[in-house]
Amino acid sequence: MLTIGIHIGHFTIRISQSYTKPGDSHIQFGTVEWPSHTHTHWYSCYGGALPNAYDPTSGKVGYEALDEVGLASVARLDSDFFQKLLGEGSEYEEVSRIWERVQQSFRNCPALRVREPVHVGLILDGIELSPSANKWRPWSRPADRTPVLVERLQVLGKKAGLQQYDVLSDRAAMERYVSSQEVMQQGEVIAIVESDYTRLWEVTDPTRGLLRPLCSTTGIRHLLTRIERTEASKEDTLRLLLEELQEPGRRTAQCQGVSQWQEERLFPEILRAVRQLPSTKAKRKRVLHFGGEGAALLSAIAVPTDRAQVADWQASGLYMLADGAAAVVCDARMKNAEA
């Protein structure tokens, strides 16, 4: 059985495939990319990932949806989408057809064009499965609907050979990602830029993947709220931001609201947490790694050199959550094989 991690972010859907080599228990990862979409100008904006985009009218998904209606007009796999997937009636039928097309897109990736069934670890970035709590009854918490979603996904996944789903938290994925890294050391720090939040974690035990939360601040959705108020063209602004997210410094000068938001909202909380870390007496400094869909937004941060050093930019950081999810389900497969 293939084991993959799928991270559904604000803009992109990224997939990582996990595997082990004979005689080696360490988990390896392979980035799953879509074939070059030669009939559109969008492919480079997404860095080979599948766009989190669909057109409800035509039913097209990914790049085809962007070609159909444009970046500013596509719908997304978001909280509303998954809450409808948990519902009944015509709304459920509509989104279930969209999800089946998304699954077909997964299987069109060269790495997944095989008959072998797939076990999926799924990260729903910033997605709530239950409607917001009633403001008049804040003490009433909605029930966890994750088990129901897993059942629905497994029913819909049978046709595409997506046999098993696990819906995972970002922390569970990050812990397993850390424990799968042979070079991660105690005291290193990871910043994950997600849809709703940017979270900073200190590695306290790399072997077991134990993490200590250091701080949490705003994420990509807050940035979008800021720049959409100030930039003239939503379509152009979103495209420039997308290109920036694939590679640091690629288009920052043309999207003016980004640097202001970084300095005012993103960097201060991160820097405050880094300054509070004790300085290391050893020659080796703490290393600060960036991950998540918005990892590139942190590349310009200047951290105190006596506290940490910023790791060189790695595009693989964009797949960090997908890697972690893939590692979780790879563990499950190995345990089942041993049982």
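Parameters and conventions
Residues numbered from 1 in each chain as written. Predicted model: local features only at pLDDT ≥ 70, side-chain atom pairs only at ≥ 80, totals over all residues. Heavy atoms only, no water. Helix = DSSP H or I, 4+ residues; strand = E, 2+ residues; numbered from the N terminus. Buried < 20%, exposed > 50% of the residue type's maximum accessible area, 1.4 Å probe, protein only. Contact = heavy atoms within 4.5 Å. Areas by Shrake-Rupley, 256 points an atom, 1.4 Å probe, with all protein chains shown as cover. Axes fitted to C-alpha atoms, helices over the stretch in contact; angles between N-to-C directions. Parallel < 35°, antiparallel > 145°, perpendicular 65-115°, else oblique. Core = buried A, V, L, I, M, F, W, Y, C linked by side-chain atoms within 4.5 Å. Phe/Tyr/Trp six-rings, centres within 6.5 Å; stacked < 30°, edge-to-face > 60°. Expected span 1.5 Å × (residues − 1). Polar contact = N/O pair within 3.5 Å; in protein donor to acceptor, adjacent residues only side chain to side chain. Pairing = 2+ DSSP bridges.

1. Considerations on the overall build of the chain
Reasoning step 1: Tallying secondary structure elements over the chain gives 10 helices and 11 strands in all.
Reasoning step 2: In terms of its C-alpha atoms, the chain occupies a principal-axis envelope of roughly 60 × 60 × 50 Å.
Reasoning step 3: Each of the 339 residues in the chain was classed as buried or not, and the buried ones make up 51%.
Reasoning step 4: A sequence separation of at least 24 residues applies to 65% of the contacts in the chain between residues at least 6 apart.
Reasoning step 5: Summed over all atoms, the accessible surface of the chain reaches about 16100 Å², with 46% contributed by carbon and sulfur.

2. Thoughts on the packing of helix α6 (residues 170-180) against helix α10 (residues 320-338)
Reasoning step 1: Where α6 contacts α10, the two axes come as close as 7 Å, and the packing angle between them is 80 degrees. Taken as axis vectors, α6 and α10 run roughly perpendicular relative to one another. Contacts between α6 and α10 pair D170, A172, A173, M174, R176 and Y177 from the former with M320, L321, D323, G324, A325, A327, V328 and D331 from the latter.

3. Quick word on the nonpolar core
Reasoning step 1: Counting 44 residues, the largest nonpolar core has L200, L241, L297 and L298 as the members making the most contacts within it.
Reasoning step 2: For this core, the secondary-structure elements that each account for two or more residues are α1 (43-46), α2 (62-69), β7 (189-193), α7 (220-230), α8 (234-246), α9 (256-275) and β10 (287-291).
Reasoning step 3: The greatest single-element share of this core, amounting to eight residues, is contributed by α9.
Reasoning step 4: When near neighbours in sequence (up to four residues on either side) are disregarded, L298 contacts A191, V193, T198, L266, F267, I270 and F290.
Reasoning step 5: Within the second largest apolar cluster, 37 residues are counted, among which are W34, Y92, I98 and C109.

4. Brief notes about the packing of aromatic side chains
Reasoning step 1: Enumeration according to the criterion identifies six aromatic pairs in this entry.
Reasoning step 2: Ring geometry for Y46 and Y63: centres 5.9 Å apart, planes at 85 degrees, overall edge-to-face. A residue pair is termed long-range when its members are at least 10 positions apart, and Y46 in helix α1 and Y63 in helix α2 qualify at 17 residues. This pair shows no difference in class: Y46 is buried, exactly as Y63 is.

5. What about α10?
Reasoning step 1: Given a rise of 1.5 Å per residue, 19 residues ought to cover 27 Å, and the 27 Å separating the end C-alpha atoms of α10 matches this to within 8%.
Reasoning step 2: Burial in α10 covers these residues: M320, L321, A322, D323, G324, A325, A326, A327, V329, C330, D331 and M334.

6. Section: the environment of A49
Reasoning step 1: Relative to the helices and strands, A49 resides in the loop between α1 and β4 (50-51).
Reasoning step 2: Separated by 17 residues in sequence, A49 and V32 place their C-alpha atoms 8.1 Å apart.
Reasoning step 3: Sequence-distant contacts of A49, that is, excluding residues within four places in its chain, are made with T12, I13, R14, W34, Y63 and Y319.

7. Regarding the side chain of S79
Reasoning step 1: With respect to the helices and strands, S79 occurs in helix α3 (residues 79-85).
Reasoning step 2: Polar contacts involving the side chain of S79 include one to the main-chain amide nitrogen of E128, which spans 2.8 Å.
Reasoning step 3: Excluding anything up to four places from it in sequence, S79 contacts G126, I127 and E128.

8. Considerations on the environment of N336
Reasoning step 1: Its place among the elements puts N336 in helix α10.
Reasoning step 2: Looking at N336, the relative accessible area reads 55%, which means it is exposed.
Reasoning step 3: For N336 and I270, which are 66 residues apart along the polypeptide, the C-alpha to C-alpha distance reads 40 Å.

9. Digging into the sheet that holds strand β8 (residues 197-205)
Reasoning step 1: Judged by pairing direction, the sheet is mixed, and its five strands sit side by side in the order β9-β8-β7-β10-β11 without closing on themselves. Strands at the two margins of the open sheet, each flanked by one partner only, are β9 (210-218) and β11 (309-310).
Reasoning step 2: Looking at chain direction, β8 and β9 are connected through eight bridges and run antiparallel. In the sheet register, E202 faces β9, and the bridge partner there is R212.
Reasoning step 3: In the packing of α6 onto the sheet, the strands contacted are β7, β8 and β9, and the crossing angle to β9 comes to about 130 degrees.
Reasoning step 4: Where α9 meets the sheet, its contacts fall on β8 and β9, and the angle it forms with β9 comes to roughly 150 degrees.

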